[in-house]
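Each chain is listed here by its residues.
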Amino acid sequence: MRSPKDFFRPLAVGAPDPVREIPFRPSRMIHFFDPSNAKMAAKVPDIAGKVDVLLGNLEDAVQADRKEAARAGLVDIAKATDFGDTQLWVRVNSLDSPWGLDDLMTLVREIGDKLDVIMVPKVEGAEDIHYVDRLLAQLEAKAGLRRPLLVHAILETARGVANVEEIAGASPRMQGLSLGPADLAASRRMKTTRVGGGHPGYLVRTDPVGEDLNAGRQTSQQDLWHYTVARMVDACAANGILPYYGPFGDIRDTVACEDQFRNAFLLGCVGAWSLHPVQIEIARRVFSPEPADVRWARKVIAAMGDGTGAVMIDGKMQDDATVKQCRVVAELADALAARDPELAAAYAATDED
């Protein structure tokens, strides 16, 4: 076991010092694109201005015979594009694949100065993060990078979920975690073929109202992912990193997508993956606090003064716990307003009411 005092020392001679705190940067949507797809690549400069995070996907959605083309395409795109305030992430191939090592070696050497976060799929334990941590330190030293690359892990296996706390705290590089529902469903042997979202068969039913066991009984569809998302959020919060909902595969069903994203937002997630442009605006809307909520939060903070004691506001009791809740909303609004002019105007209007 490493000593705590060694945790923030570089793992390779010449590597940059590890970060001591993961910075919060708006990341309401992580928008995926295939760098081997020329049509998608041509849209990158335009899409980059519309999203918080743009992610070059080298893994599952890319066919085996296109893996190297996707890697080379991402290098070319990164070198040719000014991303401004938009973060550039990459999802590399899994550590047990024939391409994962080459992904890391090539990308750090060629565009390490452009990358913000490396997303690692199918992480099963701290040992996976330790491997990537040491390798990245060596590659950063060799490339002469001045800042460390951050790591984002996807929870896609039952073992990964069982080890989520140790994964979240495995390295100072850990930026966050995402739920990977499709692979996780397969790992758990769940009987669903959907990519994220609910299932009509996963429900609760009210008690019978008479002799007819089918008459008058209401049902409610339940959230297959509530337990896993809640556990992931707790692991992230305990380790100072960020939780995200993953993909919602039914592009047509924008209503259910918004519901799933909002569930994740209310539970503590800061963003979700967007697989199609139509999901970008859904994530922007859902993972940004409503102006009315921002107005209320600022009202409570102002009334609470130093944050101690208790006050009554509009018939509701507020104390030090509720002012902490309100600060979460107000601070998120401030961070998003600094990036999003439309939100800045909407939130500024709440100050004038």
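Conventions adopted
Residues numbered from 1 in each chain as written. Predicted model: local features only at pLDDT ≥ 70, side-chain atom pairs only at ≥ 80, totals over all residues. Heavy atoms only, no water. Helix = DSSP H or I, 4+ residues; strand = E, 2+ residues; numbered from the N terminus. Rg over C-alpha atoms; globule rule 2.2 N^0.38 Å. Contact = heavy atoms within 4.5 Å. Lys, Arg positive; Asp, Glu negative; His and termini not counted. Charge placed at Lys NZ, Arg CZ, Asp CG, Glu CD. UniProt positions renumbered as here; feature names shortened; annotations may be inferred. Buried < 20%, exposed > 50% of the residue type's maximum accessible area, 1.4 Å probe, protein only. Polar contact = N/O pair within 3.5 Å; in protein donor to acceptor, adjacent residues only side chain to side chain. Expected span 1.5 Å × (residues − 1). Domains from an automatic or database assignment. Buried area = accessible area lost by both parts, 1.4 Å probe.

Asks: Describe the overall build of the protein, with residues and values.
Replies: Across its full length, the protein holds 13 helices and 12 strands. For 353 residues, the compact-globule estimate of 2.2 N^0.38 gives 20 Å, and the protein sits close to it at 22 Å. C-alpha atoms of the protein, sized along the principal axes, occupy 65 × 55 × 45 Å. A separation of at least 24 residues holds for 72% of the contacts in the protein among residues at least 6 apart in sequence. A gap of 3 Å separates the mean positions of the 41 positive and 51 negative side-chain charges of the protein.

Asks: Outline the UniProt feature "binding site: Mg(2+)" (unreviewed entry) in the protein, listing residues and values.
Replies: Here the UniProt feature "binding site: Mg(2+)" (unreviewed entry) sits at E156 and D183. Sequence-wise these annotated residues cover 28 residues; spatially they are packed, their C-alpha atoms never more than 5.1 Å apart. Apart from residues no more than four positions distant in its own chain, E156 is found in contact with P121, K122, G180, D183, L184 and S187. Inspection of the secondary structure puts D183 in helix α7 (residues 181-188).

Asks: Which residues make up the side chain of Q260, and what values do they have?
Replies: Within the secondary structure, Q260 is located in helix α9 (residues 254-267). Among the residues examined, Q260 registers a relative accessible area of 6% and is labelled buried. Not counting chain neighbours up to four residues away, the residues in contact with Q260 comprise G197, G198, D223, W225, Y245 and F248.

Asks: Any chance you could break down the side chain of R28 for me, citing the residues and the numbers?
Replies: With respect to the helices and strands, R28 occurs in the segment before β1 (29-33). At a separation of 2.8 Å, a polar atom in the side chain of R28 contacts the side chain of D52. Within the structure, R28 has its side chain in polar contact with the side chain of S288 (distance 3.0 Å). With residues up to four places along the chain from it excluded, the contact list for R28 reads D52, V270, G271, A272, A283, R284, F287, S288, L336, D340 and L343.

Asks: Report on helix α12 (residues 320-337), specifying residues and quantitative values.
Replies: With 18 residues, α12 extends 25 Å from end C-alpha to end C-alpha; this agrees with the ideal 26 Å at 1.5 Å per step. Within α12 the residues assigned to the buried category are T322, V323, C326, A330, L332, A333 and L336. For α12, the side-chain oxygen to backbone nitrogen distance between the N-cap and A321 is 3.0 Å, and the N-cap itself is D319.

Asks: Help me get a handle on the domain arrangement of the protein, residues and values and all.
Replies: For the protein, the assigned domains are domain 1 (29-287) and domain 2 (292-348). Centre-to-centre separation of domain 1 and domain 2, based on C-alpha positions: 30 Å. Contact residues are listed per partner, giving 7 residues for domain 1 and 4 residues for domain 2. Regarding the contact of domain 1 and domain 2, the summed buried area is about 370 Å², with carbon and sulfur atoms giving 36% of it.

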